[in-house]
Amino acid sequence: QVQLVESGGGLVQPGGSLGLSCAGFGMIFSDYKMGWFRQAPGKQRELVAQITSDLSTLYADPVRGRFTISRDNAKSTVYLQMNSAEPEDTAVYYCNAIRTRGPGLGLPYWGQGTQVTVAS
């Protein structure tokens, strides 16, 4: 059973930095495209960034140039480094995994979410 466990959320000042981590369990990590989504109060969940097994990345326009997604397949972990944080980045951040090969192709999995608050 696939399980995604996020860590690293918290309070950060505007202009500051924060790192998130997501560890995957019960999965062949390299078989999955990994991503981060976020959901602010009263808004829909939106893509933040994604990374494939061959390290191709995709970023949403609001975070491009400020956030960096990376992964370590040996540690079954995906990371999100948030720099130059803005109040608009305040949201619950969710780790996401989408199977890209083998049985269950295309099935998404979600972590429980971690709160990020950008405020002075």
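Residues numbered from 1 in each chain as written. Predicted model: local features only at pLDDT ≥ 70, side-chain atom pairs only at ≥ 80, totals over all residues. Heavy atoms only, no water.

J.: Sorry if this is basic, but what is going on with the environment of R64 here?
T.: Note that R64 resides in the loop between strand 6 (57–59) and strand 7 (67–72). R64 gets classed as partly exposed once you look at its relative accessible area, which sits at 46%. Engagement of the side chain of R64 in a polar contact is seen with the side chain of D61, the distance being 2.5 Å. (Helix = DSSP H or I, 4+ residues; strand = E, 2+ residues; numbered from the N terminus. Buried < 20%, exposed > 50% of the residue type's maximum accessible area, 1.4 Å probe, protein only. Polar contact = N/O pair within 3.5 Å; in protein donor to acceptor, adjacent residues only side chain to side chain.)

J.: Any chance you could explain the pairing of strand 1 (residues 3–7) here in plain terms?
T.: Within a regular strand, the side chains alternate between the two sheet faces. Because side chains alternate across strand 1, one face comprises the buried residues L4 and E6, and the other comprises Q3, V5 and S7, none of which is buried. The pairing of strand 1 with strand 3 (residues 18–25) spans five bridges and is classified as antiparallel. Bridge pairing links V5 to A23 in strand 3. (Pairing = 2+ DSSP bridges.)

J.: I tried to follow the environment of Y109 on my own but got confused; where do I start?
T.: Considering the arrangement of structural elements, one finds Y109 in strand 10 (residues 108–110). On the accessibility criterion, Y109 (26% relative accessible area) is partly exposed. In this structure, Y109 is in contact with V2, L4, Y32, C95, N96 and A97, ignoring residues within four places of it in sequence. (Contact = heavy atoms within 4.5 Å.)

J.: How should I be thinking about the sheet that holds strand 8 (residues 77–82) in this particular structure?
T.: Within a beta sheet, neighbouring strands are joined by backbone hydrogen bonds and run either parallel or antiparallel to one another. Judged by pairing direction, the sheet is antiparallel, and its four strands sit side by side in the order 1-3-8-7 without closing on themselves. Of all strands in the sheet, those bounded by a partner on one side alone are strand 1 and strand 7. The mean inter-strand angle of the sheet, taken between neighbouring strand axes irrespective of direction, is 15°. (Axes fitted to C-alpha atoms, helices over the stretch in contact; angles between N-to-C directions.)

J.: I would appreciate a short explanation of the side chain of E6 in the present structure.
T.: Position of E6 among the secondary structure elements: in strand 1. Although E6 lies buried, it forms no salt bridge, and the closest oppositely charged side chain, R45, sits 7.7 Å away as judged by the N-O distance. Among the polar contacts listed, one links the side chain of E6 to the backbone nitrogen of G113, at a separation of 2.8 Å. (Lys, Arg positive; Asp, Glu negative; His and termini not counted. Salt bridge = Lys/Arg side-chain N within 4 Å of Asp/Glu carboxyl O.)

J.: Help me understand the pattern of salt bridges, please; the structure alone is not making it clear to me.
T.: Any two side chains of opposite charge can pair, on the condition that their charged atoms come close. Going through the model one piece at a time under the given rule, you end up with seven salt bridges. Ionic pairing is found between R64 and D61, a salt bridge with its closest N-O pair at 2.5 Å. Residue classification places D61 among the exposed residues on the basis of a relative accessible area of 60%.

J.: I would appreciate a short explanation of the nonpolar core in the present structure.
T.: Nonpolar side chains tend to gather and get buried jointly when the protein is soluble and globular. M34, W36, V78, L80 and Y93 are the most contacted members of the largest nonpolar core, which totals 30 residues. Top element by residues in this core is strand 9 (residues 91–99). It accounts for four residues. Residues within four places of L80 in sequence aside, it is in contact with L18, G19, L20, W36, V48, A49, F67, T68, I69 and Y93. (Core = buried A, V, L, I, M, F, W, Y, C linked by side-chain atoms within 4.5 Å.)

J.: Mind showing me how you'd approach the environment of Q13 here?
T.: Along the chain, Q13 turns up in the loop between strand 2 (10–12) and strand 3. Spatially, the C-alpha atoms of Q13 and T117 are 8.3 Å apart, while their sequence positions differ by 104 residues.

J.: I keep staring at the state of the cysteines and nothing clicks. Help me out?
T.: Working definition: the covalent bond between the sulfur atoms of two cysteines is a disulfide. As enumerated under the stated definition, the model contains one disulfide in all. Paired through a disulfide, C22 and C95 show a sulfur-sulfur distance of 2.1 Å. Here C22 and C95 share a disulfide; its torsion about the S-S bond, -80°, makes the bridge left-handed. Within this pair, whereas C22 is found in strand 3, its partner C95 is found in strand 9, the two being separated by 73 residues in sequence. In terms of burial, C22 and C95 fall into one category: buried. (Disulfide = S-S within 2.5 Å.)

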